[in-house]
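# Structural features, examined
The residues making up each chain are set out below.
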Amino acid sequence: MTDQLLSELRKMRSTRTNLGLLGGMIALILVFLLTIGLTGTGSDLADHDHQHRLFSIGTQAALFATLIGVMAITSEFRHGTIRSTFVVTPRRSRVIAAKVISSLLMGLMFGALAIGLSFGIGYAMLLARGAHFVLDTNDVLLLVLGTIAMTSLWAVLGVGFGAVIRNQVFAVIALIVWTGVVNPIIDSAVPGAGRYTPIAASASLTADPAEYLLSPLGGGLLLVAYAAVFVAAGNFLVARRDVT
Amino acid sequence: MAIEALPTESPARGARPAAAFPVVQAEHLTKRFGDVLAVDDLSFALERGTVTGFLGPNGAGKTTTLRMLLHLVEPTDGRALVFGGRYGDLERPASRVGAVLEAADFHPGRSGRDHLTALALALGQEHSDGNWFVEREHAASRRVDAVLELVELSAAADRRVGSYSLGMRQRLGLAGALLGDPELLILDEPANGLDPEGVRWLRDFMRSFAAEGKTVLVSSHVLAEVQQSVDQVVIINKGRLVTFEPLARLVTHLSSSVRVRAPGARLLHTELEKQGIRAALMNRDELRIEGTSSAQIGEIAFAAGIPVHELVPEASSLEDVFLELTTEEPS
């Protein structure tokens, strides 16, 4: 297992894919931070909810973390490297496990960086605009831990999702369709079910407890379950399907 | 040209020490993809130290067979064994079997060295339990340097694979297969896209690999590519075994006929029949004779006092035999 993990970590840092995702994540977070920080009025910025929204921007990293996991597996199918990977390690579940762990580590790093950026730049902007920091320790703790948990879990979910779909383009399109179309439809069409979607479960990780969301712990556990189901399905299918 | 049914028993490997089990063994191997029967009841066994050409036209089932041997494709029926067991059941199988499956199996944005290092790390070492990450990384990097040297790719190792020529990719694939210092090499169409120099390099490589007592199974759809490097051939067509025999025996299927033009063709025909030589009268003054040399025919004609205008040996090439074997006869 250690060998497979080292191999996966080497793969992750030897192409520009994850570097690109990292750059994209930083850029998106900066744009959002600056937009909220600069357009909000002084009284807006002093508001608790507004500050919470500002420091939640780090959760945008979840998208990029998901892509880390999706790319970790679909890029091997796309470029055919999956063949040599499985020839060297015919016990395919070891490969999947190594990809889960390495993606989780990357997701963790992305999440830590994202929340660090949010707080660093967000706090500087509050100071510059003369607003007081009004979040309490619980808020901060929830934001930090929630963001990191969120990115780690989405990265793992991405591996499972990618293993099920295999085709890189289809996987990315399916993600977009899910977040942009299917999830909103579920939200509006099935009252009460909306809080149980992966996206709502994820949102509850950092959110102030709200009626339409689960508790952070409940949402976190639900997201863990989603990730576990996708990884189990991907692992099952990858073991069964021929590699042609 | 008609070729009678060929014997398909295993070739005799007289002088070689008998191994406990064949290095590669297909037993009634069958694979069905939906409606397509890609491999159909294929059986053969390869002994240690042999270089075997795995031949057949495109779509004959060669690639599927090789992938079943490597546990990438699950057989519908029958067994595909290496070293007496299923590939997936071997401990660190890549330390015994090296494979090059496709020339394009690389991430274009990754350097050749990183590609190999990722494989070397996954392969690991024997008795490495408890080794630190750094030790494992070092061991992998030493192994990578060695195979890069072997395939003469050291200079380009840090370039992205996207910038490699096809020949360089083939060699990079080979380097990957050699990481575990294997006893068996499985190569799927390795000569595809190689220039003549590359083909010769590959041929020399396979010969020296086999000279160390190791085994090679190399597929091709062109006999000429491997003719000079293999000592036996497994020929398949439409998923079924056509023949499995030493190259030397395949040569005996070469029809060496002699065409004779002589005004007294009928007379010569009779003379030859007397000697028990079968000859076919093509037309009034032309004979086609199989199974004898032009020298003998000349002597018989001379002894019988028959003038001969032309005496032309017509040998078919191995490629003709191969095509004959793998081309479906119109029925």
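Residues numbered from 1 in each chain as written. Chains lettered and ligands numbered in written order. Predicted model: local features only at pLDDT ≥ 70, side-chain atom pairs only at ≥ 80, totals over all residues.

### Focus: the overall build of chain A
Spelled out, the test is: Helix and strand labels come from DSSP, where a helix needs a run of H or I of at least four residues and a strand needs a run of E of at least two; each type is numbered from the N terminus. Throughout, the radius of gyration refers to the C-alpha atoms, and the reference size of a globule is 2.2 Å times the residue count to the power 0.38. Two residues form a contact once the distance between their C-beta atoms, set from the backbone, is within 7 Å.
On a plain count of helices and strands, chain A comes out with eleven helices and zero strands. The order of α-helices and β-strands along chain A, N terminus first, is α-α-α-α-α-α-α-α-α-α-α. Rg of the C-alpha trace for chain A: 19 Å, near the compact-globule value of 18 Å for 244 residues, within the 12% margin. Projected onto the principal axes, the alpha-carbon positions of chain A cover approximately 60 × 40 × 30 Å. Long-range pairs, those at least 24 residues apart, make up 81% of the contacts in chain A with a sequence separation of at least 6.

### What to know about helix α5 (residues 61–79) of chain A
Residue and element names in this part refer to chain A. For the record, the criterion: By definition here, a helix of n residues has an expected span of 1.5 Å times n minus one. The seven residues ending at a residue and the seven starting there each receive a fitted axis; the angle between those axes is the bend at that residue. For the exposure call, what matters is how many other C-beta atoms sit within 10 Å of a residue's own: 20 or more marks it buried, 12 or fewer exposed, and in between partly exposed, using C-beta atoms placed from the backbone.
Helix length check: α5, at 19 residues, gives a terminal C-alpha distance of 26 Å against a target of 27 Å (1.5 Å per residue), a fit within 8%. At M71, α5 is bent by approximately 35 degrees, the largest bend along its length. Judged by how many residues are buried, α5 sits mostly within the fold: 14 of 19 residues are covered. Phi for G80, located one or two positions after α5, is positive at around 80 degrees.

### Digging into the interface of chain A and chain B
The figure often quoted for interface size is the accessible area lost as the parts come together. Quick note on the threshold: Gly is put with the polar residues, along with every residue not named as nonpolar or charged; the nonpolar set is Ala, Val, Leu, Ile, Met, Phe, Trp, Tyr, Cys and Pro, and the charged set is Asp, Glu, Lys and Arg.
In this complex, chain A contributes 24 residues to the contact, which on the side of chain B involves 32 residues. Mapped onto the side of chain A that touches chain B, the elements with two or more residues apiece are α1 (2–13), α5 and α6 (81–88) of chain A. Here the side of chain A that touches chain B takes seven residues from α6(A), the largest share from any one element. When the residues that make up the side of chain A that touches chain B are grouped by side-chain class, the tally is six nonpolar, twelve polar and six charged.

### A short note on the environment of B:V82
Take B:V82: it is sitting in strand β4 (residues 77–82). The class for B:V82 is buried, based on 26 C-beta atoms found within 10 Å.

### Looking at the nonpolar core
Most often, soluble globular proteins keep nonpolar side chains buried together rather than apart. Going by this rule: By our criterion, buried Ala, Val, Leu, Ile, Met, Phe, Trp, Tyr and Cys residues that link up through C-beta atoms within 7 Å make up a nonpolar core.
With 143 residues, the main nonpolar core has A:I68, A:V156, B:L69, B:V82, B:A175 and B:I186 as its most contacted residues. In terms of residue count, the dominant contributor to this core is helix α8 (residues 137–165) of chain A (14 residues). Each residue touching B:A175, except ones within four places of it in the same chain, is listed here: B:L116, B:V147, B:L148, B:L150, B:V151 and B:L153. B:V260, B:A265, B:A279 and B:L287 belong to the second largest nonpolar core, which has eleven residues in total.

### With respect to the packing of α5(A) against α6(A)
All names here are of chain A. Rules: An axis is simply a line fitted to the C-alpha atoms; with a helix, the fit covers only the stretch in contact. Between two such axes, the angle follows the N-to-C directions and lies from 0 to 180 degrees. Each angle gets one of four labels, with under 35 degrees taken as roughly parallel, over 145 as roughly antiparallel, 65 to 115 as roughly perpendicular, and the rest as oblique.
Contact geometry of α5 with α6 gives a least axis separation of 5 Å together with a crossing angle of 105 degrees. Relative to α6, the element α5 lies roughly perpendicular. Residues E76, F77 and H79 of α5 form the contact with α6, whose own contacting residues are T81, I82 and T85. Of the residues belonging to the contact of α5 with α6, the class tally is two nonpolar, three polar and one charged.

### Quick look at the sheet that holds β4(B)
Residues and elements named next belong to chain B. Definition in use: One requirement defines pairing of two strands: DSSP has to find at least two bridges between them.
Strands sit in the order β2-β1-β4 across an open sheet of three strands; the sheet is antiparallel. Looking at which strands have only one partner, the edges of the open sheet turn out to be β2 (36–46) and β4. Strand-to-strand twist across the sheet, computed as the mean angle between neighbouring axes with direction ignored, equals 20 degrees.

### What about the pairing of strand β7 (residues 215–220) of chain B?
Residues and elements named next belong to chain B. The following threshold applies: Convention used here: a crossover is right-handed provided that the path from the first strand, over the helix, to the second strand proceeds clockwise when the strands point away from the viewer.
Counted residue by residue, β7 has six buried out of six residues, so it is predominantly covered. Residues of β7 alternate between two faces, with T215, L217 and S219 on one and V216, V218 and S220 on the opposite face, all of them buried. Summarising the sheet, strand β3 (residues 51–55) and β7 pair through five bridges and their orientation is parallel. Of the residues in β7, the one forming a bridge with L55 is S220. Pairing of strand β6 (residues 184–188) with β7, which is carried by five bridges, proceeds in the parallel orientation. By the bridge assignment, L185 is partnered in β7 with V216. What joins β6 to β7 is helix α5 (residues 196–211), and the crossover it makes is right-handed.

### Here's the deal with the packing of α8(A) against helix α11 (residues 216–240) of chain A
Residues and elements named next belong to chain A. Here is the rule we go by: Note: crossing handedness is left-handed where the near helix turns anticlockwise from the far helix by less than a right angle, and right-handed where it turns clockwise.
Here α8 crosses α11 at 20 degrees, and the two axes come no closer than 7 Å. Taken together, the axes of α8 and α11 lie roughly parallel to each other. The interaxial crossing formed by α8 with α11 has left-handed handedness. Residues belonging to the contact of α8 with α11 are distributed by class as follows: 19 nonpolar, five polar and no charged.

### What about helix α8 (residues 265–274) of chain B?
Think of an α-helix as turning once every 3.6 residues; residues three or four places apart then point the same way. All names here are of chain B. The condition that has to hold: Within this analysis, the arc is defined by the directions that extend from the helix axis to the C-beta atoms.
What α8 keeps buried is the set A265, L268, H269 and L272. One face of α8 carries all of its buried residues, which in axial projection span an arc of 105 degrees. For α8, the elements touching its buried residues are β10 (256–261), β11 (279–283), β12 (286–290) and α9 (294–303). Within two residues after α8, G276 carries a phi angle of roughly 80 degrees, on the positive side.

### Quick notes on the pairing of β3(B)
All names here are of chain B. Counting buried positions over the five residues of β3 gives five, a clear majority of the element. Where β3 lies against strand β8 (residues 232–237), four bridges are found, and the strand directions are parallel. Pairing of T52 across the sheet is with Q232, part of β8.

Without other data, these values stay purely geometric and don't point to any function.
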